[in-house]
Amino acid sequence: MSDFYVLLGPPGAGKGTQAEIVSGRCGIPHVSSGNIFRENLQNDTPLGQKARDYMEKGELVPDDITIGMVQDRLQQADCKNGALLDGFPRTPDQAEALEQFLLSIDARIVCVPFIDVDDQELIERLSGRWTCKQEGHVFHMKYKPPKEPGICDIDGSELYQRKDDKKETVEQRIRVYTKQTAPLIKFYDRKGLLKRINGSLPIEKVTQELMNVINC
Ligand code: AP5
């Protein structure tokens, strides 16, 4: 049976940052729905064109588009033994679809770490975030500065500020999260899968807490 992990948390909680570290340490693929959408946006694919407006407004891309896209990704060979999901599921319908899909491939969710951070800190984190163009590695001008300003330490590509990291869009993303995604906290808690992580700690401490619950 293959083991899947779902990272839950508001925009800017550190899901992408932690997923990259944990996936490297545990040797499991990091599947980020946001990164898949951004790749499609950059390449101007039909999927990217469908998602663009929603993303720029800080809204969720409709479930029928998102669920199919993530299921296609999870059927790739590298996810045969499991994956660390970041940004999916984000609605109750996505969570139900994920359960059905995992059942159909004889897989399971092992745990759902919920990275909790308060709203004020989320805004500070997102307004100082710089993202790499090539693979989506993330930096922060204060908390995780790149060695050379404007350049990704890992692949040398240019860093940019995401359009949806503008203050008004971040506030909208937090509202959308509270309304559409936060109900999943209770959903996974009832199943005994939720593990609360204090996301306000420094990056390395959050990683330690996560490694304790993921236990790979
Ligand atoms: P997505 O890319 O998933 O965005 P998000 O969930 O809003 O999450 P972020 O990527 O903004 O934040 P993060 O938690 O990964 O934080 P990060 O590690 O970067 O989605 C974007 C859009 O795509 C959505 O709005 C929607 O339109 C669409 N979409 C995606 N998935 C979808 C789905 N399932 N359904 C429908 N639509 C979907 O960290 C943030 C910053 O903080 C960085 O600068 C980092 O260096 C810094 N930082 C991290 N941890 C710490 C720490 N402990 N201390 C100090 N600084 C820290």
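Throughout, residues of each chain are indexed from 1 in the direction in which the sequence is written. The predicted nature of this model means local features are confined to residues of pLDDT at least 70 and side-chain atom pairs, given and counted, to a pLDDT of 80 or more, with totals for whole chains, interfaces and linings taken over all residues. As a convention, hydrogens and water are excluded, and side-chain values are obtained from all of the structure's heavy atoms.

1. Some details on the pattern of salt bridges
Point 1. Put simply, a salt bridge is a Lys or Arg side-chain nitrogen that is within 4 Å of an Asp or Glu carboxyl oxygen. Tallying each qualifying case throughout the model produces 13 salt bridges.
Point 2. As a salt-bridge pair, Lys 163 and Glu 56 come within 3.3 Å of each other at their nearest N and O atoms. With Lys 163 in the loop between strand S7 (159–160) and helix H7 (167–181) and Glu 56 in helix H3 (residues 46–57), the pair connects residues that are 107 residues apart, well separated along the chain.
Point 3. Assessed through its relative accessible area of 57%, Lys 163 is described here as exposed.
Point 4. Residue Glu 124 is joined to Lys 142 by a salt bridge in which the shortest nitrogen-to-oxygen separation is 3.1 Å. Separated by 18 residues along the polypeptide, Glu 124 in helix H6 (residues 119–127) and Lys 142 in the loop between strand S6 (138–140) and S7 bring together distant segments of the chain.
Point 5. When salt bridges that share partners are traced, they join Arg 129, Arg 162, Asp 164, Asp 165 and Arg 173 into one network. Secondary structure follows DSSP: runs of H or I at least 4 residues long count as helices, runs of E at least 2 residues long count as strands, and numbering of each begins at the N terminus. Think of it in three bands: with a 1.4 Å probe and only protein chains considered, a residue is buried below 20% of the maximum accessible area for its type, exposed above 50%, and partly exposed in between.

2. Focus on the site of the ligand
Point 1. The local shell around the ligand holds 36 residues, among which Thr 17, Ser 33, Glu 59, Arg 129 and Arg 173 are the closest.
Point 2. Note that an oxygen atom of the ligand is positioned 2.8 Å from one of the side-chain N or O atoms of Arg 90.
Point 3. Residue-level accessible areas treat just the shown protein chains as cover; the underlying method is Shrake-Rupley with a 1.4 Å probe. About the coverage of the ligand: the protein hides 97% of its 1,000 Å² of free accessible area.
Point 4. Of all the elements, helix H2 (residues 33–42) adds the most residues to the shell around the ligand, at four residues.
Point 5. Looking at the shell around the ligand residue by residue, the class counts come to 16 nonpolar, eleven polar and nine charged. Put simply, a residue is near a molecule or strand once any heavy atom of it comes within 4 Å of that molecule or strand. Each polar contact in these results corresponds to two N or O atoms within 3.5 Å; when the atoms are within protein, one needs to be able to donate a hydrogen and the other to accept it, and residues that are neighboring in sequence are counted only if both atoms are side-chain atoms. Amino acid classes used here: Ala, Val, Leu, Ile, Met, Phe, Trp, Tyr, Cys and Pro are nonpolar; Asp, Glu, Lys and Arg are charged; the rest, including Gly, are polar.

3. Comments concerning H6
Point 1. By the burial criterion, the buried members of H6 are Glu 121, Leu 122, Ile 123, Arg 125 and Leu 126.
Point 2. Each element contacted by the buried residues of H6 is listed here: strand S5 (129–132), S6 and H7. In what follows, a contact means two residues having at least one pair of non-hydrogen atoms within 4.5 Å.

4. Concerning the state of the cysteines
Point 1. Disulfides are defined as cysteine sulfur pairs within 2.5 Å. For the structure on display, the rule yields one disulfide.
Point 2. Put simply, Cys 26 and Cys 216 are joined by a disulfide, and their sulfur atoms are 2.0 Å apart. In this structure, the disulfide formed by Cys 26 and Cys 216 twists by about -75° around the S-S bond and is classed as left-handed. In this pair, Cys 26 is assigned in helix H1 (residues 15–26) and Cys 216 in the segment after helix H9 (203–214), connecting sequence segments 190 residues apart.
Point 3. Looking at Cys 111, it has no disulfide partner, and the nearest cysteine sulfur is the one in Cys 26, 10 Å off.
Point 4. For Cys 111, a relative accessible area of 3% gives the class buried.
Point 5. For Cys 152, which is in no disulfide, the shortest distance to another cysteine sulfur is to Cys 132 and amounts to 3.9 Å.

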